[in-house]
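The chain contents come next:
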Amino acid sequence: MRQTLADIMDAAANGNFPVPDGGTTVVPAPNRRDTGVLAFTAHSVVFTDEDPNWVHETLAAMGCDELAATMNPRFLSALLDRTGRSTDTIDLLTVASSLPGRPALDLREITDPVHPRVVRAHRRRDGVRAWATDGGILVLGRGVAGRWEAAIEVDEDARHRGLGRELATAARHLVPPGESVWSQQAAGNARSVRAFQAAGYRPVGAEALLLPA
């Protein structure tokens, strides 16, 4: 049976990664919204409904280290042009397991559907819910291949007090027991990277998500 993106993500969440053979696996996009590239250690996964032969031929023509080809700007640009999509950045992809009990933070659910952070989350996720606490916001929803995804935002005047770590930890309490929660951090966003890793999120790879234009 052909492996799906969800199979690959579930395995990675449990520490079982694709064989580091320098290859690229092409799997169908899990839905009409999500297309992109995952780069694990010495193996990449391209999830798209484009012809796999086109993917491999385009990668072979990059003229760069084959381990870096899927995240090469020229390949991503070619994939964007072919699919008519847009993207923001290449993210560090991290994952953590659920935690029992209630979050330690005092969280108030946001029901305003036009809150900027909620609006942005709806472009990328299903079943979006959001909570606020003094100085910060936490958003949860079902993202790529149905995985739980968390995003946080900390007010400038609330930084350097550990609130980002506490919000990221709260997400682990809010997902169902036995589930994993994923989060993406832009590589240059050192504050976010530190906050999620301090909350127990493990780096598993890099991700370039291509969104419908």
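We now turn to the structure provided with this report. (Residues numbered from 1 in each chain as written. Predicted model: local features only at pLDDT ≥ 70, side-chain atom pairs only at ≥ 80, totals over all residues. Heavy atoms only, no water.)

## Notes on helix α3 (residues 73–83)
In an α-helix there are 3.6 residues to a turn, and that puts residues three or four apart on one side.
Inference 1: Within α3, the full set of buried residues consists of Phe75, Leu76, Leu79 and Leu80. Here the buried residues of α3 occupy an arc of 135° about the axis, which is enough to place them on one side. With respect to the buried face of α3, the exposed residues turned more than 90 degrees away are Pro73 and Asp81.
Inference 2: Where α3 terminates, the next one or two residues include Gly84, which has phi positive at roughly 70°. (Buried < 20%, exposed > 50% of the residue type's maximum accessible area, 1.4 Å probe, protein only. Helix = DSSP H or I, 4+ residues; strand = E, 2+ residues; numbered from the N terminus. Arc of directions from axis to C-beta.)

## Focus on the nonpolar core
Inference 1: If you look at the biggest cluster of nonpolar residues, it comprises 21 residues, and the most contacted ones within it are Leu107, Leu138, Leu140, Ala150, Leu167, Val181 and Tyr201.
Inference 2: Put simply, the parts of the chain that give this core at least two residues each are β8 (136–142), β9 (148–154) and α5 (163–174).
Inference 3: Top element by residues in this core is α5. It accounts for five residues.
Inference 4: Of all hydrophobic cores here, the second largest spans 17 residues; its members include Leu5, Ala12, Val45 and Leu209. (Core = buried A, V, L, I, M, F, W, Y, C linked by side-chain atoms within 4.5 Å.)

## A word on the packing of aromatic side chains
Inference 1: If you walk through the whole model with that rule in mind, you get three aromatic pairs.
Inference 2: For the pair Phe17 and Phe40, a centre-to-centre distance of 5.8 Å together with 55° between the ring planes defines the contact as tilted. With a gap of 23 residues between them, Phe17 in the loop between α1 (5–13) and β1 (24–27) and Phe40 in strand β2 (residues 35–40) connect regions that are remote in the sequence.
Inference 3: Judged by its relative accessible area of 9%, Phe40 falls in the buried class. (Phe/Tyr/Trp six-rings, centres within 6.5 Å; stacked < 30°, edge-to-face > 60°.)

## Digging into the packing of α5 against helix α6 (residues 190–198)
Inference 1: Across the interface, α5 lies against α6 with an axial gap of 8 Å and an inter-helix angle of 50°. Classified by the angle their axes make, α5 and α6 are oblique. In the crossing of α5 with α6, the sense of the turn from one axis to the other is right-handed. Note on element contacts: α6 touches α5 through Ala195, Phe196 and Ala198, opposite Gly164, Arg165 and Ala168.
Inference 2: Each residue belonging to the contact of α5 with α6 can be placed in one class, and the counts come to four nonpolar, one polar and one charged. (Axes fitted to C-alpha atoms, helices over the stretch in contact; angles between N-to-C directions. Parallel < 35°, antiparallel > 145°, perpendicular 65-115°, else oblique. Left-handed = near helix turned anticlockwise from the far one by under 90°. Contact = heavy atoms within 4.5 Å. Nonpolar A, V, L, I, M, F, W, Y, C, P; charged D, E, K, R; others polar.)

## Thoughts on the pattern of salt bridges
Inference 1: Counted by the stated rule, this structure contains 11 salt bridges.
Inference 2: Across the salt bridge formed by Glu156 and Arg191, the nearest N and O atoms sit 3.7 Å from each other. Taken as a pair, Glu156 in the loop between β9 and α5 and Arg191 in helix α6 lie far apart in primary sequence, 35 residues in all.
Inference 3: One salt-bridge network, held together by shared partners, links Arg125, Arg147, Glu149 and Glu207. (Salt bridge = Lys/Arg side-chain N within 4 Å of Asp/Glu carboxyl O.)

## Comments concerning unusual backbone geometry
Inference 1: Backbone geometry at Ala42 places phi at a positive 60°, although glycine is not the residue there.
Inference 2: Checked against the element boundaries, Ala42 lands in the loop between β2 and β3 (43–47).
Inference 3: Residue Ala42 is classed as partly exposed on the basis of its relative accessible area of 23%.
Inference 4: Notably, Ala145 is not glycine yet its phi reads approximately 55°, a positive angle.
Inference 5: Within the fold, Ala145 resides in the loop between β8 and β9.

## Re the side chain of Thr133
Inference 1: Topologically, Thr133 is positioned in strand β7 (residues 126–133).
Inference 2: Of the polar contacts made by the side chain of Thr133, one reaches the backbone oxygen of Asp106; its length is 2.9 Å.
Inference 3: If we ignore the near neighbours within four places in the chain, the residues touching Thr133 are Leu105, Asp106, Leu107, Arg108, Leu163 and Leu167. (Polar contact = N/O pair within 3.5 Å; in protein donor to acceptor, adjacent residues only side chain to side chain.)

## Digging into the packing of helix α2 (residues 52–60) against α3
Inference 1: The contact between α2 and α3 brings their axes to 10 Å, and the two run at 145°. Seen from above, α2 lies across α3 with right-handed handedness. Along the contact surface, α2 presents Trp54, Val55, Thr58 and Leu59, while α3 presents Phe75, Ala78, Leu79 and Arg82.
Inference 2: Of the residues that constitute the contact of α2 with α3, the class distribution is six nonpolar, one polar and one charged.

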